[in-house]
Amino acid sequence: MFLKRLEVVGFKSFAERIGIDFVPGVTAVVGPNGSGKSNVTDAIRWVLGEQSAKSLRGAKMEDVIFAGSESRRALNFAEVTLVLDNTDEQVAIPYTEVSVTRRVYRSGESEYLLNNQQCRLKDITDLFMDSGLGKEAFSIISQGRVDEILNSRPDDRRSIFEEAAGVLKYKLRKKKAEHK
Ligand code: ATP
Ligand code: MG
């Protein structure tokens, strides 16, 4: 599985619709301070279901919507689409390509789409759990997170390894079953 394409419109500093095509291998994003490099990874975490405005470096979720600039009016919605190559079927869905879209309006209304079909956030989290991709997954390690992992309690650190090993899903299911 690999990240093939990211489409962003109205998200943070990206007022205009932009598309970034990734190729297998290493991609480096370079640019001056404040040019939007971190906003690219914020967009990836957001589309995968990030619910914490603070972890997206905002105060409230509405802060992810383009707030306007000297030359451009603010927008009313933000939308991010992530396209993954799934030819190895690492994501348990019978499609060679998986696309995930999240949209949020200033009114607070929001929606998620999986391969252009409306779905719940839970469908997305379930699908990506243990694939290594997800808002909390080890595939996205931001500045500061390295220290956090090193300084975390053994139990918390263990859950990172469990997710990487693909056993977290079973532990969560077991917990759910025990509570019934
Ligand atoms: P650094 O090198 O300092 O880490 P960076 O390239 O990672 O910088 P980002 O943090 O991604 O930069 O982008 C910050 C920019 O995004 C700021 O200029 C900020 O004004 C802009 N920005 C953030 N949220 C919004 C928003 N809702 N509307 C418009 N612009 C926004
Ligand atoms: Mg940055």
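Worth saying up front: this structure is predicted, and the values here are computed from it rather than measured. (Residues numbered from 1 in each chain as written. Chains lettered and ligands numbered in written order. Predicted model: local features only at pLDDT ≥ 70, side-chain atom pairs only at ≥ 80, totals over all residues.)

Turning to the sheet that holds strand β1 (residues 2-9), a few remarks are in order. Ordered by their spatial adjacency, six strands build an open sheet running β2-β1-β3-β4-β5-β6, and the pairing between neighbours is antiparallel. Looking at the sheet topology across the chains shown, the edges are occupied by β2 (18-21) and β6 (117-119). Shown here is a sheet whose adjacent strand axes are inclined to one another by a mean of 20°, direction ignored. Bridge analysis of β1 against β2 gives four bridges, and the strand direction is antiparallel. Across the sheet, residue L6 finds its bridge partner in β2, namely I20. Where helix α1 (residues 37-47) meets the sheet, it contacts β1, β3 (77-85) and β4 (97-105), and its direction lies at approximately 85° from that of β3. (Pairing = 2+ DSSP bridges. Helix = DSSP H or I, 4+ residues; strand = E, 2+ residues; numbered from the N terminus. Axes fitted to C-alpha atoms, helices over the stretch in contact; angles between N-to-C directions. Contact = placed C-beta atoms within 7 Å.)

This part is about the domain arrangement of the chain. Each assigned domain of the chain is listed here: domain 1 (2-129) and domain 2 (141-180). Inter-centroid distance (C-alpha atoms) of domain 1 to domain 2 is 24 Å. (Domains from an automatic or database assignment.)

Turning to the confidence of the model for the chain, a few remarks are in order. The share of residues in the chain with pLDDT of 70 or more is 96%, and the mean pLDDT across the chain is 89. Taken over the whole predicted complex, pTM reads 0.85, whereas the ipTM for its chain interfaces reads 0.98. (pLDDT = per-residue confidence, 0-100.)

To continue, consider the nonpolar core. Grouped together as the largest cluster of nonpolar side chains are 22 residues, with contacts concentrated most on F11, V47, V64, A78 and V80. Put simply, the parts of the chain that give this core at least two residues each are α1, β3, β4 and α2 (121-128). Of all the elements, β3 adds the most residues to this core, at four residues. Apart from residues lying up to four places away in sequence, F11 is in contact with A43, V64, A78 and V80. (Core = buried A, V, L, I, M, F, W, Y, C linked by C-beta atoms within 7 Å. Buried ≥ 20, exposed ≤ 12 C-beta atoms within 10 Å, placed from the backbone.)

Glancing now at the UniProt feature "binding site: ATP" (unreviewed entry) in the chain. On the UniProt side, "binding site: ATP" (unreviewed entry) is annotated at positions that read P32, N33, G34, S35, G36, K37, S38 and N39 here. By the element assignment, G34 lies in the loop between β2 and α1. Judged by C-beta crowding, with 9 C-beta atoms within 10 Å, G34 ranks as exposed. Topologically, G36 is positioned in the loop between β2 and α1. When residues no more than four places from it in sequence are discounted, the contact partners of G36 are S13, F14 and G31. (UniProt positions renumbered as here; feature names shortened; annotations may be inferred.)

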